[in-house]
Structures are given as C-alpha cells and as structure tokens.
Amino acid sequence: MSQNNGSTALAILAGIALGAAAGILFAPDKGSKTREKIKGGIDEAKNKAKGKFDEAKSKFQGKYSGTRQNVEGTYEDLLSSLSHRAEDAITFLENKLAELKSQNTKFQK
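Residues numbered from 1 in each chain as written. Predicted model: local features only at pLDDT ≥ 70, side-chain atom pairs only at ≥ 80, totals over all residues. Heavy atoms only, no water.

Colleague: Got a sec to walk through the overall build of the chain? Specific residues and values, please.
Modeller: From N to C terminus, the chain includes two helices and zero strands. Of the accessible surface of the chain, which amounts to about 9700 Å², a share of 61% is contributed by carbon and sulfur atoms. (Helix = DSSP H or I, 4+ residues; strand = E, 2+ residues; numbered from the N terminus. Areas by Shrake-Rupley, 256 points an atom, 1.4 Å probe, with all protein chains shown as cover.)

This is the structure in structure tokens:
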C-alpha cells in the first residue's frame, strides 16, 4: 500500500470515528450509556485499524519473503555464472600457457 493510500484510508477512518462520536454525543441518552457507546465505537475502530494493519503487514511480509527468495536465487545464479566464466578463463589461460611452452621449446636446444 502506498503512503498516499494509507493516508487516505487513515483520514477516512478518522472521519468515520469522529462522525460516530459526534452522533453519539448529540444523542439524547444518559451519560453512562453515551460513554459506553463511545468506548464501544473506539474499540470497534481500534479493532478495524488493527485488522487493516495486520492485513497490510502480512501482505508486506509475503512480498518481502518472495523478494528475498528471488534475491537468493539471483545471487546463486550469479555465482554459478561467475564460476563458469572463471572456468572458461582458466581453460583459456591453460591453452595459452601450453602454446607458450610449445613455442619456448623451439628456442631451447
């Protein structure tokens, strides 16, 4: 979730909570019932926010886990590729060394 979407969702939740609180405060009820309603509304909003947070957290962890596996796979592929290239370079150098030894034997008597 991008930061802009998170801010928008937070603003909407805050607006809903404030609207519910204002509605409860202006309702013709006893103070104790009003406080219970406010507490219930706060608890409900808190639970919804926690649920959204947990959902976003699990999505992030899922993406991070997949990214980590991709990075590890890419790293292993890179090491394998480098190993093959090193082997090719060693083979090339061994062939050149053999050629130089052959040419050098021509100069020796």
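Colleague: I'd like a description of a nonpolar patch on the surface, backed by residues and values.
Modeller: A cluster of nonpolar side chains, namely Tyr-75, Leu-78, Leu-79 and Leu-82, defines an oily patch on the protein surface of about 410 Å² accessible area. In this structure, Leu-78 sits in helix H2 (residues 31–107). (Patch = residues over 30% accessible without salt bridge, like charges linked within 9 Å, V, L, I, M, F, W, Y side chains within 5 Å. Salt bridge = Lys/Arg side-chain N within 4 Å of Asp/Glu carboxyl O.)

Colleague: Got a sec to walk through the pattern of salt bridges? Specific residues and values, please.
Modeller: On inspection of all chains with the given rule, the structure shows three salt bridges. Residue Asp-54 is joined to Lys-50 by a salt bridge in which the shortest nitrogen-to-oxygen separation is 3.0 Å. Separated by four residues within a single helix, Asp-54 and Lys-50 lie in helix H2, roughly one turn from each other. The partner of Lys-96 in a salt bridge is Glu-99, with the nearest N and O atoms 3.7 Å apart. A residue pair is termed a helical-turn pair when its members lie 3 or 4 positions apart in one helix, as Lys-96 and Glu-99 do in helix H2 at three residues.

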